[in-house]
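# Breakdown of the fold
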Amino acid sequence: MTDAERSRVPARVGTSHAVFVGRATADEPVDLRFFAAEGELPACGHGTVAAVAFLAGRRHGAEHEFRLRVSGRTFVGRAVRDGDQVQAAFDPGPVAVRDATSVEIGLVVDALGVAAGELLSGACVASLGRARMLVPVITPDAVVTLGPNLDRLRVACDRLGLLGCYVYSVPTRSGGVVARMFAPSIGVPEDIANVNSTACLAARVAGSGVTELTVDMGDVLGEPATITASARRSSTGRRVLVGAAARVAWSGLHVVRAPARTTTSDGGTGQVQGTCGDG
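Residues numbered from 1 in each chain as written. Predicted model: local features only at pLDDT ≥ 70, side-chain atom pairs only at ≥ 80, totals over all residues. Heavy atoms only, no water.

### Remarks on the overall build of the protein chain
If you tally the helices and strands in the protein chain, you get 6 helices and 17 strands. Buried positions account for 51% of the 279 residues belonging to the protein chain. Counting contacts in the protein chain only where the partners sit at least 6 residues apart, residues at least 24 apart contribute 58% of the total. Surface summary for the protein chain: the accessible area is close to 12,200 Å², and the carbon and sulfur share equals 49%. (Helix = DSSP H or I, 4+ residues; strand = E, 2+ residues; numbered from the N terminus. Buried < 20%, exposed > 50% of the residue type's maximum accessible area, 1.4 Å probe, protein only. Contact = heavy atoms within 4.5 Å. Areas by Shrake-Rupley, 256 points an atom, 1.4 Å probe, with all protein chains shown as cover.)

As structure tokens, then:
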């Protein structure tokens, strides 16, 4: 497939992103490439979760470890099968974080439509390959009720070189967060779940003593998902581990729903889809 053909896959199967999984061999890492409607992405967290679940689904046994390669970086993805779901986790790599400028905040917040008094200080620009803005608001309700002007948000993000904006509520004592990710600049008006942005948030809030996060996303779109992230000090700096549950929904062209919320308030389950195809 050409890159243009790969970019058409998400729309063709009704997903936000597609991850193309290279052939697994004993000696080499498995190559992953990610595409949205606007083209290739250097990394995709929930696509990585989907790929780990896809690879685990092709093996026997409950626990698996895979060497993965994304944009030249090699890392380990781990999977634990639990019934028809796979708990997947990986180290997304070093997170670059800086405070957002007042100009950046003004452009993005205006397009987001954050109500007066709901915006908190501490907005930042973070990157795991492509920059995005993380915007804190005062309550989960302030996240849920956002009604951004997506055309204006795309213009602002394009001007600032951002792939999108991740809006989140203040973490609770136990690390609970509600978040939404808007990424019109890559052809995703709202992402049902965004693992890499959650990893960026874990790196951001670790300095204030919050080292474990459980982030709920997708409820507004009717596709609830939960992402977990942790941050620890290591000999090489702060290390982030991020993960979620996923399940293979159907095969042929393999559609993997990742991450999935294992339980919801009504006892059901919710997922976000990512498409996996060999090659």
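### Regarding helix H3 (residues 102–112)
Along H3, the residues that are buried comprise Glu104, Val108, Val109, Ala111 and Leu112. Down the axis of H3, the sector holding all buried residues measures 160°, keeping them to one side. Within H3, the exposed residues directed more than 90 degrees away from the buried face are Ser102 and Val103. Contacts from the buried residues of H3 go to strand S7 (96–99), strand S8 (124–127), strand S9 (131–137), helix H5 (150–160), strand S10 (165–169) and strand S11 (176–183). Gly113 lies just past H3 and shows a positive phi near 75°. (Arc of directions from axis to C-beta.)

### Here's the deal with helix H1 (residues 3–13)
Of all the residues in H1, the buried ones are Arg6, Ser7, Val9 and Pro10. Here the buried residues of H1 occupy an arc of 135° about the axis, which is enough to place them on one side. For H1, exposure combined with an orientation more than 90 degrees from the buried face picks out Arg8, Ala11 and Arg12. Where H1 ends, the next residue or the one after it, Gly14, has phi of about 75°, a positive value.

### Description of the pairing of strand S1 (residues 18–21)
In S1, alternate side chains face the same way, and those of Ala18 and Phe20 on one face and Val19 and Val21 on the other are all buried. The sheet contact formed by S1 and strand S2 (residues 30–36) spans 4 bridges and is antiparallel. When the bridges of S2 are listed, Val19 appears paired with Phe34. (Pairing = 2+ DSSP bridges.)

### A word on the confidence of the model for the protein chain
In low-pLDDT segments, the atomic positions of the prediction should not be examined closely. For the protein chain, the mean per-residue pLDDT works out to 87, and 89% of the residues sit at or above 70. Averaged pLDDT values over the elements of the protein chain bottom out at 40 in strand S17 (residues 270–278) and peak at 98 in S10. The low-confidence segment residues 262–279 (pLDDT under 50) makes 68 contacts with residues lying over four places distant or belonging to another chain. (pLDDT = per-residue confidence, 0-100.)

### Considerations on the nonpolar core
By size, the foremost hydrophobic cluster in this structure holds 56 residues, and its most contacted members are Val21, Leu32, Leu68, Leu134, Tyr166, Leu201 and Leu213. Broken down by element, the residue count for this core peaks at 8 residues, all from helix H6 (residues 195–206). For Tyr166, the contacting residues outside a window of four places in its chain are Met133, Leu134, Val135, Ala179, Arg180, Met181, Asn194, Ser197, Thr198, Leu201, Val215 and Met217. Counting 20 residues, the second largest nonpolar core, distinct from the first, contains Leu112, Val137, Leu162 and Val167. (Core = buried A, V, L, I, M, F, W, Y, C linked by side-chain atoms within 4.5 Å.)

### Side note on the packing of aromatic side chains
According to the stated counting rule, one finds 3 aromatic pairs in the structure shown. Centroid distance Phe20 to Phe35: 5.6 Å. Interplanar angle 90°. Geometry classified as edge-to-face. Taken together, the positions of Phe20 in strand S1 and Phe35 in strand S2 put the pair 15 residues apart, joining distant regions of the chain. Here the two residues Phe20 and Phe35 agree in accessibility, since each one is buried. Between the aromatic rings of Tyr166 and Tyr168, the centroid separation amounts to 6.3 Å while the plane-to-plane angle is 35°, which identifies the pairing as tilted. Summarising the burial analysis for this pair, Tyr166 and Tyr168 share the class buried. (Phe/Tyr/Trp six-rings, centres within 6.5 Å; stacked < 30°, edge-to-face > 60°.)

### A closer look at the pattern of salt bridges
Pairs can form between side chains of opposite charge once their charged atoms are near each other. Here the structure, examined in full by the defined rule, presents 13 salt bridges. The residue Arg69 makes a salt bridge to Glu28 at a minimum N-O spacing of 3.7 Å. Pair noted here: Arg69 is in strand S4 (residues 63–70) and Glu28 is in the loop between S1 and S2, with a separation of 41 residues, a long-range link. For Glu28, a relative accessible area of 45% puts it in the partly exposed group. A salt bridge links Glu38 to Arg154; the shortest N-O distance between them is 3.5 Å. Of this pair, Glu38 sits in the loop between S2 and strand S3 (39–41) while Arg154 sits in helix H5; the two residues are 116 residues apart in sequence, bridging distant segments of the chain. On the accessibility criterion, Glu38 (47% relative accessible area) is partly exposed. By relative accessible area, Arg154 is classed as partly exposed at 30%. One network of salt bridges, in which partners are shared, links Asp3, Arg33 and Glu40. (Salt bridge = Lys/Arg side-chain N within 4 Å of Asp/Glu carboxyl O.)

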